[in-house]
Amino acid sequence: MTRYLRLWVEVLGISWRHAGRLTATVFAIEAGLVIANIGMALAMRTAVDEMGARNEAPAVGAAVAAAVACTLVLVLNRLHGLVGLFLIVEKVGAVIEDRLLRDIATLQQIEHLERSDYLDRITVLKGAPKRIVGGMWNAVRACFTFLQLALTLVLLGAVSPWFLALLGLAVAPLWCDRKGREIESRAEIDTAEVFRLQRHLFDVATDAAAGKEIRTGLAGPTVARLQTAAMGEATAGRYAARVRAAWLRAMGYTVFVVGFAVSLSVIMHRASSGNATAGDVVLVVTLTLNLQQTVEAAVGQLTATMSAGIYLDPYLWLRSYIAAERESRTGHKMPPGQLRTGIRFDHVSFSYPGTNKIVIDDVSVLLPAGSVVALVGEFGSGKSTLVKLLSRFYHPQTGTITVDDVDLCALETEAWRQRTSAAYQDFGRYPQMTFAEAVGLGDIAKLGDQEALFRAIDTADADGIVDRLPEGAATRLSPAYGGVDLSEGQWQKTALARASMRWDPLLFMLDEPTASLDAPSEHTVFRRYMERARQLAARNGAVTLVVSHRLSTVAGADLVLVLDRGKLVEQGTHEELLAAGGRYSELYRLQAKAYSMRPSV
Ligand SMILES: Nc1ncnc2c1ncn2[C@@H]1O[C@H](COP(=O)(O)OP(=O)(O)OP(=O)(O)O)[C@@H](O)[C@H]1O
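Source: prediction; values computed, not measured.

1. Some words on the overall build of the protein chain
Of the regular secondary structure elements, the protein chain holds 22 helices and ten strands. Scaling as 2.2 N^0.38, a compact globule of 601 residues should have a C-alpha radius of gyration of about 25 Å, whereas the protein chain reaches 34 Å, well beyond that. On the principal axes, the C-alpha backbone points of the protein chain span a range of 115 × 50 × 45 Å. Across the 601 residues of the protein chain, 36% fall into the buried class. Taking as baseline every contact in the protein chain between residues at least 6 positions apart, the subset at least 24 positions apart corresponds to 78%.

Next comes the structure, spelled out in structure tokens:
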């Protein structure tokens with residue numbers, strides 16, 4: 001509860017700082033409405049009682065006060081509708097969304113991007129900041145409404161204590177609403193995965209790349225059927241939860257309305273038997289009419305507040321995840337200017353967070369300074385995971401990785417990343433950017449540096465792409481943004497150029513760098529990256545790590561590491577491993593045979 005309250009205070013603080021006048025206006029309207037509503041009922045009672053006592057002047061004064069209060073109620077209600085919450089929600093929601101995105105984008109780890117249970121919560125949070133702000137502001141309104149409700153009940157209780165029972169009955173709709181919210185929240189989380197699947201299938205059905213494969217494979221109806229099934233499952237789960245919640249809410253409200261009718265009849269009876277003044281009757285009638293609306297408003301505002309509740313837990317979870325990730329940042333040391341010994345794995349084991357499967361199993365090896373190291377192994381043997389550990393996206397559970405005998409965890413992550421470059425297997429595509437930006441992203445400090453840009457483009461053999469783009473490197477990479485599409489191989493070369501932006505990395509990682517390239521391009525790219533590796537090695541003892549399934553392309557490496565189900569099963573030069581006749585030589589011979597069997601054209 002206290003964390004919700006803290007969030008509430010924080011949202012109000014942000015509202016005050018970013019929309020001060022609007023915040024003050026909403027507070028003034030809400031406070032004015034409470035004063036005017038209660039004041040109007042009191043003034044009307046006084047006017048009637050004074051008139052009955054034939055005190056003309058006080059009666060007229062009270063009647064004028066009642067008229068002013070009534071006008072104020074009308075004006076403030078109108079303003080209430082005009083100002084609404086949408087202005088404040090738009091403004092403050094945008095501020096919070098901005099912060100959240102910045103916080104997520106600057107996280108150093110990537111667990112939240114790869115764990116499905118975390119992704120479920122992040123899916124729920126898309127567009128949530130505005131709803132959270134709306135919920136918090138509805139809570140502000142609810143506070144004023146409850147103040148009015150309390151004052152109303154005090155005045156009514158003074159006439160007849162029966163009315164106090166209404167307060168107890170008003171809890172029924174709220175309790176039912178809370179239960180309904182829990183049901184809806186559970187359904188949102190339970191169906192998040194299938195909902196994501198449905199969105200993904202929709203994207204697949206409308207994506208140009210997948211569209212060709214789907215049509216060739218005659219898989220259109222299957223994709224549509226799967227999408228409909230996923231949509232049906234997601235919608236059915238959420239719909240059923242909404243229906244159950246609606247029934248619960250209706251039940252709660254019925255309890256209140258019945259109790260309200262009984263209480264009202266008791267008061268009417270007291271008034272008709274002469275136990276109340278005419279002014280009391282007016283007061284009771286005025287407040288009773290208001291009470292109904294006030295309770296309805298309170299329930300509505302609380303419902304609106306609570307419906308934002310489904311976002312609060314994921315939002316607060318994300319914030320504590322971000323805070324914990326920041327707190328766990330340990331390293332403060334700077335990486336060396338150049339490598340002398342190399343990068344050493346010492347009994348490193350790793351499982352992905354939230355899983356039990358050991359993906360890297362007790363790996364010990366030295367990647368010598370100034371060497372080209374090839375990492376090979378079958379699908380799922382842990383090659384990309386080693387690349388992620390070296391990028392510090394995850395930490396080993398046991399064992400250490402050291403850089404020239406300094407624990408990688410003791411190095412400042414950003415400083416280490418400034419000295420690494422990587423072309424990842426699942427490289428990003430940035431259609432909204434220009435080609436120059438998509439490459440420059442590899443070293444944001446050099447984004448506008450034309451010399452660095454064209455050097456990187458040249459290294460990745462991507463000059464041909466630039467030559468063919470209508471506006472050269474300034475062309476955007478999608479027709480949706482006024483540019484042109486790139487082919488798969490061109491995207492891969494863009495990723496390679498991006499990875500080549502850094503001039504002096506200590507560690508250069510290429511994870512399946514040529515998977516989408518044709519044979520001549522693959523040959524050229526490997527030749528250039530071997531040259532680059534030698535230059536980097538001479539410059540600062542850099543290690544170049546190449547992950548490749550194509551064993552012939554990594555034969556020139558100084559050291560070949562063979563991974564099998566997370567274990568390092570062989571290491572040595574290409575020739576040594578062939579001579580050893582183990583796993584590597586078996587794989588190599590199989591591949592050589594497959595290639596020699598290809599018909600020549
Ligand atoms: N984010 C993740 N969460 C949980 N398990 C993962 C994750 N990423 C990979 N794995 C699992 O870890 C194992 C090693 O995967 P990894 O991608 O490192 O292998 P790889 O050798 O690079 O495979 P490939 O040659 O197909 O790229 C696999 O069993 C994979 O399913």
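2. Looking at the domain arrangement of the protein chain
As assigned here, the protein chain comprises domain 1 (2-326) and domain 2 (336-419 + 508-518 + 548-601). For domain 1 and domain 2, the distance between their C-alpha centres works out to 55 Å. Residue-level contacts link six residues of domain 1 with six residues of domain 2. Within the side of domain 1 that touches domain 2, the residues separate by chemical class into one nonpolar, two polar and three charged.

3. What to know about the nonpolar core
Ranked by internal contacts, the top residues of the largest apolar core, which has 75 residues, are V373, L375 and V560. Per-element accounting of this core gives the leading share, six residues, to helix α20 (residues 519-540). Residues contacting V560, with those up to four places away along its chain left out, are A374, V376, V554, Q571, G572, T573, H574, L577 and Y584. Judged by nonpolar contacts, the second largest core, of 56 residues, contains F195, L201, I310 and Y311.

4. A few points about the sheet that holds strand β7 (residues 507-511)
Two orientations exist for strands paired in a sheet by backbone hydrogen bonds: parallel and antiparallel. Across the sheet, which stays open at both edges, the six strands sit in the order β6-β7-β8-β3-β9-β10 with mixed pairing between neighbours. Since the sheet does not close on itself, it has two edges, and those belong to β6 (420-423) and β10 (567-572), each with one partner. Sheet twist, expressed as the mean angle between neighbouring strand axes with direction ignored, is 15°. Strand direction decides the pairing type here: β6 and β7, joined by four bridges, are parallel. Considered in β7, the bridge of A423 is made with L510. Sheet contacts for α20: β3 (372-377), β7 and β8 (543-547); angle to β7, the most-contacted strand, approximately 160°.

5. So, the site of the ligand
Taken together, 13 residues form the shell around the ligand, and within it E114, Y352, K383, S384 and T385 come nearest. At three residues, helix α14 (residues 383-390) tops the list of elements feeding residues into the shell around the ligand. A breakdown of the residues in the shell around the ligand according to their chemical character gives three nonpolar, eight polar and two charged.

6. Description of the UniProt feature "transmembrane region" (unreviewed entry) in the protein chain
In the numbering used here, UniProt assigns the feature "transmembrane region" (unreviewed entry) to residues 20-44, 56-76, 146-176 and 246-268. Helix makes up 100% of residues 20-44 and strand 0%, with an end-to-end C-alpha separation of 36 Å. Along residues 56-76, the helical share is 100% and the strand share 0%, with 30 Å between the first and last C-alpha atoms.

7. Regarding the packing of helix α7 (residues 128-159) against helix α13 (residues 309-327)
Here α7 crosses α13 at 120°, and the two axes come no closer than 9 Å. Looking at the two axes, α7 sits oblique to α13. Along this stretch, α7 crosses α13, giving a crossing that reads as left-handed. Across from A128, R131, I132 and G135 in α7, the residues of α13 making contact are G309, Y311, L312 and Y315. Considered class by class, the residues forming the contact of α7 with α13 number five nonpolar, two polar and one charged.

8. Things to note about the packing of helix α4 (residues 86-105) against α7
Packing of α4 against α7 brings their axes to within 8 Å, and their N-to-C directions diverge by 130°. As far as their axial angle goes, α7 and α4 are oblique. Crossing handedness for the pair α4 and α7: right-handed. On α7, the residues that touch I88, V89, V92, G93, I96, E97 and L100 of α4 are P129, K130, I132, V133, G134 and W137. In terms of residue class, the contact of α4 with α7 is built from nine nonpolar, two polar and two charged.

Parameters and conventions
- Counting from 1, residues in each chain are numbered in the order their sequence is written.
- Local features are withheld for residues below a pLDDT of 70 in this predicted model, meaning they are given only at 70 or higher, and side-chain atom pairs are given and counted only at 80 or more; totals for whole chains, interfaces and linings count all residues.
- Only runs of H or I of at least four residues qualify as helices and only runs of E of at least two qualify as strands under DSSP, and these elements are numbered from the N terminus.
- Within these notes, the globule rule equals 2.2 Å times the number of residues to the 0.38 power, and the radius of gyration is based on C-alpha atoms.
- For the exposure call, what matters is how many other C-beta atoms sit within 10 Å of a residue's own: 20 or more marks it buried, 12 or fewer exposed, and in between partly exposed, using C-beta atoms placed from the backbone.
- Any residue pair is listed as a contact if its two C-beta atoms, each placed from the backbone, are within 7 Å.
- Residue ranges labeled as domains rest on an automatic or database domain assignment.
- Polar here means any residue other than Ala, Val, Leu, Ile, Met, Phe, Trp, Tyr, Cys and Pro, which are nonpolar, and Asp, Glu, Lys and Arg, which are charged; Gly is therefore polar.
- To count as a nonpolar core, a set of buried Ala, Val, Leu, Ile, Met, Phe, Trp, Tyr and Cys residues must be joined through C-beta atoms within 7 Å.
- For two strands to count as paired, DSSP must find a minimum of two bridges between them.
- The convention used is that axes are lines fitted to C-alpha atoms, helices contributing only their stretch in contact, and that angles between N-to-C directions extend from 0 to 180 degrees.
- Nearness rests on one distance test: the residue's C-beta atom, set from the backbone, must lie within 6 Å of the molecule or strand.
- UniProt positions are given in the numbering used here, feature names are shortened, and annotations may be inferred rather than shown by experiment.
- Angles below 35 degrees are treated as roughly parallel, those above 145 as roughly antiparallel, those between 65 and 115 as roughly perpendicular, and all remaining angles as oblique.
- Each crossing gets its handedness from the near helix: less than a right angle anticlockwise from the far helix is left-handed, clockwise is right-handed.

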